[in-house]
Amino acid sequence: MNMIEKQTQINDRLNAFADVFGKLLVDLFHNLALFIIGASIVWSGVIVFIEMCANGGASIEDILLLFIYLELGAMVGIYFNTNRMPIRFMIYIAITALTRMLIGTIQSNHTPDMGILYVSGAILILALANLIVRYGSSKYPSFRPEIEKGK
């Protein structure tokens, strides 16, 4: 074995080690970040719940906020288990947030204005986007078992 072959072999081993070590660090950071995000969601939800208990009741805005936390937690759980970002959950969160905003606007300002129509239109657009995403994911799935198994 000449010197160039030895250097090539050492370089290949070093690259293989760097790939394995780099993947380990990325996976560690990924999982740590997901746990931190999940813990932050739980923490925020608990704080909102404690504030609702201290106020002696929950408004519809508080309940919708808890639904937002629930959807965020589900999204983190799905992403943790599958490494796929469930875009539909993001759309659900946006719809819930806009609904919460719409209810707050209507409760505080009883006069109709264009803002109510804009928010309602945005909710409609998000619902249509969700329909398109659902249709697209059923018609053209990104995960196909036969491809994942190498067939």
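Note: the structure precedes this text.
Computed from a predicted structure; not experimentally measured. (Residues numbered from 1 in each chain as written. Predicted model: local features only at pLDDT ≥ 70, side-chain atom pairs only at ≥ 80, totals over all residues. Heavy atoms only, no water.)

Let's shift gears to the overall build of the chain. Tallying secondary structure elements over the chain gives five helices and zero strands in all. Its helices and strands taken in sequence order, the chain reads α-α-α-α-α from the N to the C terminus. Its C-alpha atoms give the chain a radius of gyration of 24 Å, clearly above 15 Å, the size a compact globule of 151 residues would have. Its C-alpha atoms give the chain principal-axis dimensions of roughly 85 × 40 × 25 Å. Taking all 151 residues of the chain together, 18% fall into the buried category. Here the analysis covers contacts within the chain between residues at least 6 apart in sequence; of these, 65% occur between residues at least 24 apart. Accessible area of the chain: about 11300 Å², with a carbon and sulfur share of 70%. Counting 11 positive and 11 negative side-chain charges, the chain places the centres of these two groups 13 Å from one another. (Helix = DSSP H or I, 4+ residues; strand = E, 2+ residues; numbered from the N terminus. Rg over C-alpha atoms; globule rule 2.2 N^0.38 Å. Buried < 20%, exposed > 50% of the residue type's maximum accessible area, 1.4 Å probe, protein only. Contact = heavy atoms within 4.5 Å. Areas by Shrake-Rupley, 256 points an atom, 1.4 Å probe, with all protein chains shown as cover. Lys, Arg positive; Asp, Glu negative; His and termini not counted. Charge placed at Lys NZ, Arg CZ, Asp CG, Glu CD.)

This paragraph deals with the packing of helix 1 (residues 3–55) against helix 2 (residues 60–82). Relative orientation of the contacting elements helix 1 and helix 2 amounts to 165°, with a least axis distance of 10 Å. Considering the angle they form, helix 1 stands roughly antiparallel to helix 2. Viewed along their axes, helix 1 and helix 2 form a crossing whose handedness is left-handed. Judged by residue contacts, His30, Asn31, Leu34, Phe35, Ile37, Gly38, Ile41, Ser44, Gly45, Val48 and Met52 of helix 1 engage Asp62, Leu65, Leu66, Tyr69, Leu72, Gly73, Val76, Tyr79 and Phe80 from helix 2. Broken down by class, the residue content of the contact of helix 1 with helix 2 amounts to 13 nonpolar, six polar and one charged. (Axes fitted to C-alpha atoms, helices over the stretch in contact; angles between N-to-C directions. Parallel < 35°, antiparallel > 145°, perpendicular 65-115°, else oblique. Left-handed = near helix turned anticlockwise from the far one by under 90°. Nonpolar A, V, L, I, M, F, W, Y, C, P; charged D, E, K, R; others polar.)

Between its first and last C-alpha, helix 1 extends 77 Å over 53 residues, near the 78 Å set by a 1.5 Å rise per residue. Among all positions in helix 1, only Leu34, Ile41, Gly45, Val48 and Met52 are buried. On its buried face, helix 1 is in contact with helix 2. Gly56 lies just past helix 1 and shows a positive phi near 85°. (Expected span 1.5 Å × (residues − 1).)

Let's shift gears to unusual backbone geometry. In this structure, Asn83 takes a positive phi of about 60° despite not being glycine. By the element assignment, Asn83 lies in the loop between helix 2 and helix 3 (87–108).

This part takes up the pattern of salt bridges. Within the structure shown, the criterion is met by one salt bridge. Of the charged contacts, one joins Lys23 and Asp27 as a salt bridge, the two residues approaching to 3.1 Å between their closest N and O atoms. With Lys23 and Asp27 both in helix 1 and four residues apart, this pair spans about one turn of that helix. According to the relative accessible area criterion, Lys23 is exposed, its value standing at 53%. For Asp27, a relative accessible area of 34% translates into the label partly exposed. (Salt bridge = Lys/Arg side-chain N within 4 Å of Asp/Glu carboxyl O.)

Counting residues in each nonpolar core, the largest one holds 11 residues, listed as Leu34, Ile41, Val48, Met52, Leu65, Ile68, Tyr69, Met75, Val76, Phe89 and Ile93. Elements supplying a minimum of two residues to this core: helix 1, helix 2 and helix 3. For Leu34, the contacting residues outside a window of four places in its chain are Val76, Tyr79 and Phe80. Counting eight residues, the second-largest nonpolar core is a separate cluster that includes Ile91, Leu98, Leu102 and Val119. (Core = buried A, V, L, I, M, F, W, Y, C linked by side-chain atoms within 4.5 Å.)

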